[in-house]
Amino acid sequence: GMTHHFTGEEIARRMPLGEIFDDFAARKLAEGFDTVILGHLHRPAFQTHPNGLYINLGDWVSARTWLDWDDGRLTLQRHTASETP
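None of these values were measured; they are calculated from a predicted model.

**Quick notes on the confidence of the model for the protein chain**
With 79% of its residues at a pLDDT of 70 or more, the protein chain has an overall mean of 84. Element-level pLDDT for the protein chain is lowest in helix α1 (residues 8–14), with a mean of 64, against a maximum mean of 95 in strand β3 (residues 52–56).

**Structural notes on the packing of aromatic side chains**
Under the criterion given, the structure shown has 1 aromatic pair. Taking the ring centre of W60 as reference, the NZ or CZ of R64 above it sits at 4.7 Å.

**Thoughts on the nonpolar core**
Counting 8 residues, the largest nonpolar core consists of F21, A25, L29, V36, L38, L41, A45 and Y54. It is helix α2 (residues 17–30) that provides the largest number of residues to this core, a total of 3 residues.

About the criteria used
Here the residue numbering is sequential within each chain, running from 1 through the sequence in written order. Side-chain atom pairs in this predicted model are given and counted only at pLDDT of 80 or more, local residue features only at pLDDT of at least 70, and totals for whole chains, interfaces and linings cover all residues. Based on all heavy atoms of the structure, the side-chain values leave hydrogens and waters out of the count. The quantity known as pLDDT measures the predictor's confidence residue by residue, on a range of 0 to 100. Helix and strand assignments follow DSSP, with helices taken as H or I runs no shorter than four residues and strands as E runs no shorter than two, numbered in order from the N terminus. Aromatic contacts are taken between Phe, Tyr and Trp rings whose centres are within 6.5 Å, Trp giving its six-membered ring; a plane angle under 30 degrees counts as stacked, one over 60 as edge-to-face, and the others as tilted. Only when the NZ atom of a Lys or the CZ atom of an Arg is both within 6 Å of the ring centre and within 35 degrees of the ring normal do we say a charge sits over the ring. We call a set of buried residues a nonpolar core when its members are Ala, Val, Leu, Ile, Met, Phe, Trp, Tyr or Cys and they connect through side-chain atoms within 4.5 Å of each other. Exposed residues in this analysis have more than 50% of their type's maximum accessible area, buried residues have under 20%, and partly exposed residues fall in between, with area computed by a 1.4 Å probe over protein chains only.

Following this line, the structure appears as structure tokens:
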């Protein structure tokens with residue numbers, strides 16, 4: 001038979017982990033954390049909340065994202081095909 005290999009992003013869309021991570025981040029921000037940085041979902045996220053910032057790193061394989069910290073400023077960067085890795 002045929003086999004389909006799911007990408008990390010496909011798996012993340014099928015599982016409720018996004019909601020679990022969002023809820024976790026909201027709780028930590030409500031507890032007083034300024035920023036919550038998580039990984040594992042394969043979906044990059046950079047969300048501003050009233051209490052702070054929630055960032056999910058995405059991944060390097062499909063989203064090709066990384067977090068950059070420059071002079072105290074966090075930005076989620078994405079590698080484009082035109083750039084040299």
